[in-house]
Amino acid sequence: MLFLQFIFLDVVLGGSITENVVQENISLYGMLTSSYANQSWAQNRGSAWLDDLQTHGWDSESGTIIFLHTWSRGNFSNKELVDLQLLIRVYFSELTLEVHKRASQLQFKYPFDIQVRAGCELHSGKTTKGFLNVAFNGLNFLSFQNKLWVPSLEGGIRAQKVCDLLNNDEGIKAIEYYFERDVCPRFLLSLLDAGKMDLQRQVRPEVWLSSSPNLELGRLLLACHVSGFYPKPIWVMWMQDAQEQLETKQGDILPHADGTWYLRVTLDVAAREAAGLSCRVRHSSLRDQDIILYWGHGLSVIMIALAVIVPLVLLIVLVLLCKKRW
Ligand SMILES: *[C@@H]1O[C@H](CO)[C@@H](O)[C@H](O)[C@H]1NC(C)=O
Ligand SMILES: *[C@@H]1O[C@H](CO)[C@@H](O)[C@H](O)[C@H]1NC(C)=O
Ligand SMILES: *[C@@H]1O[C@H](CO)[C@@H](O)[C@H](O)[C@H]1NC(C)=O
């Protein structure tokens, strides 16, 4: 996921981990969303992200940046951060004014949303590339490329009009160019450096199995739950001995509140074929020691536990009741 992890993994694991477990690109970007309810009312929201990890929020009441981690300031000075904050404040207020002013001319019908995603991407820890994309009501509208504003196909004639306006403004173009070429890459690198303890941490997943009867008679849906791992790249597969079960279905990797991840991987099988299947988990935190859980084994342990615990609890309750009586 992070290039630092990439290097780390390569050193520690000698590249032994499957290719899809590492990702060499990382981006830092801001998401600025403005919702326009009517001629006189708009709401602005902002956040910044390192790939999937939110690093900053925006307090729109006070117009200030919220630093979500101890390392969210990177190595930027207070002055630089205050300038950045001011830039965002000006952006939101100017945008709101201009949009309200030109809404009817551009045939923007209230209510509508304008969303800007702007930042830079680091490739293999070396070169960076800036990007800025604008969406109108969730559809691509325009973008900034090679110092020019370019309309998207979906944006139509309205996007063309907005680009014509923006391309006449050398000031805005210069600011955006400076931002994506200088400020963003510097901030990205310094965040990766300042946050490396957090970003390079390795947290082992917990793995458990479950099943539910399928609609079709005699079939089972086996689920392998993998929870609490970090970083995000992971490989999970249902196996029959050494054979990958290609019908394995992988869900979305979902976030936990603490920044770790959860994944559920399922396999639809005939009930009598379930014995002998296993769920195999490969993750950087496990080094080369994959976790392998066999279907049936885990269940029988639970069954044994239940068989012991349920009578025990009943016995205790009975004893307590009798004591009360006497
Ligand atoms: C990283 O970015 C480069 C350049 O855009 C691209 O060719 C490559 O496929 C990307 N790698 C991953 C793993 O996304
Ligand atoms: C504009 O929208 C806001 C938020 O929905 C609402 O509270 C307000 O009454 C609306 N004003 C007008 C003039 O419609
Ligand atoms: C901040 O970090 C960046 C990237 O790591 C580096 O290029 C820059 O020199 C650093 N600036 C200061 C003032 O330390």
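All of these numbers come straight from a predicted model, not from anything done at the bench. (Residues numbered from 1 in each chain as written. Chains lettered and ligands numbered in written order. Predicted model: local features only at pLDDT ≥ 70, side-chain atom pairs only at ≥ 80, totals over all residues. Heavy atoms only, no water.)

## A closer look at the site of ligand 2
The local shell around ligand 2 consists of Ala-37, Asn-38, Ser-40 and Trp-41. Within the side chain of Asn-38, a nitrogen or oxygen atom sits 2.3 Å from an oxygen atom of ligand 2. Burial of ligand 2 by the protein chains amounts to 34% of its free accessible area of 360 Å². Its residues assigned to classes, the shell around ligand 2 comprises 2 nonpolar, 2 polar and no charged. (Near = heavy atom within 4 Å. Polar contact = N/O pair within 3.5 Å; in protein donor to acceptor, adjacent residues only side chain to side chain. Areas by Shrake-Rupley, 256 points an atom, 1.4 Å probe, with all protein chains shown as cover. Nonpolar A, V, L, I, M, F, W, Y, C, P; charged D, E, K, R; others polar.)

## Details of the pattern of salt bridges
What the rule picks out here adds up to 12 salt bridges. With a shortest N-O distance of 3.3 Å, Lys-232 and Asp-52 are connected by a salt bridge. Separated by 180 residues along the polypeptide, Lys-232 in the loop between strand S10 (219-229) and strand S11 (235-240) and Asp-52 in the loop between strand S2 (41-50) and strand S3 (53-59) bring together distant segments of the chain. Exposure remark for Lys-232: the relative accessible area of 19% places this residue in the buried category. The structure contains a network of salt bridges with shared partners spanning Glu-80, Asp-182 and Arg-186. (Salt bridge = Lys/Arg side-chain N within 4 Å of Asp/Glu carboxyl O. Helix = DSSP H or I, 4+ residues; strand = E, 2+ residues; numbered from the N terminus. Buried < 20%, exposed > 50% of the residue type's maximum accessible area, 1.4 Å probe, protein only.)

## Observations regarding the packing of helix H2 (residues 78-102) against helix H4 (residues 170-194)
Contact geometry for H2 and H4: axes closest at 14 Å, N-to-C directions at 140 degrees. On the basis of their axis angle, the class for H2 and H4 is oblique. For the crossing formed where H2 meets H4, the hand is left-handed. Residues Glu-80, Leu-81, Leu-84 and Leu-87 of H2 pack against Ile-175, Phe-179, Val-183, Arg-186 and Phe-187 of H4. Taken together, the residues that form the contact of H2 with H4 break down as 7 nonpolar, no polar and 2 charged. (Axes fitted to C-alpha atoms, helices over the stretch in contact; angles between N-to-C directions. Parallel < 35°, antiparallel > 145°, perpendicular 65-115°, else oblique. Left-handed = near helix turned anticlockwise from the far one by under 90°. Contact = heavy atoms within 4.5 Å.)

## Things to note about the sheet that holds strand S16 (residues 277-282)
Judged by pairing direction, the sheet is antiparallel, and its 4 strands sit side by side in the order S12-S11-S16-S17 without closing on themselves. The open sheet has two free edges, formed respectively by strand S12 (243-244) and strand S17 (291-294), since each of these has just one partner strand. (Pairing = 2+ DSSP bridges.)

## With respect to the site of ligand 3
Neighbouring ligand 3 are Asn-75, Leu-189 and Ser-190. Between ligand 3 and Asn-75 there is a distance of 2.3 Å, counted from an oxygen atom to a side-chain nitrogen or oxygen. Surface burial for ligand 3 is 38%, taken as the share of its 360 Å² of free accessible area covered by protein chains.

## So, the nonpolar core
One finds Leu-50, Leu-222, Cys-224, Val-226, Val-236, Trp-238 and Val-281 to be the most contacted residues of the largest nonpolar core, which totals 40 residues. Counting residues per element, this core draws most heavily on H4, at 6 residues. Counting the residues that make up this core, at least three belong to each of domain 1 (2-199) and domain 2 (206-295). In this view, Val-236 contacts Cys-224, Val-226, Leu-263, Val-265, Cys-279, Arg-280 and Val-281; residues no more than four positions away in its chain are not counted. Of all hydrophobic cores here, the second largest spans 24 residues; its members include Phe-108, Ile-114, Val-134 and Cys-163. (Core = buried A, V, L, I, M, F, W, Y, C linked by side-chain atoms within 4.5 Å. Domains from an automatic or database assignment.)

## Comments concerning the side chain of His-283
Positionally, His-283 belongs in the loop between S16 and S17. Only 2.8 Å separates the side chain of His-283 from the backbone oxygen of Pro-231, close enough to count as a polar contact. Looking at His-283, its side chain comes within polar contact range of the side chain of Ser-285, at 2.7 Å.

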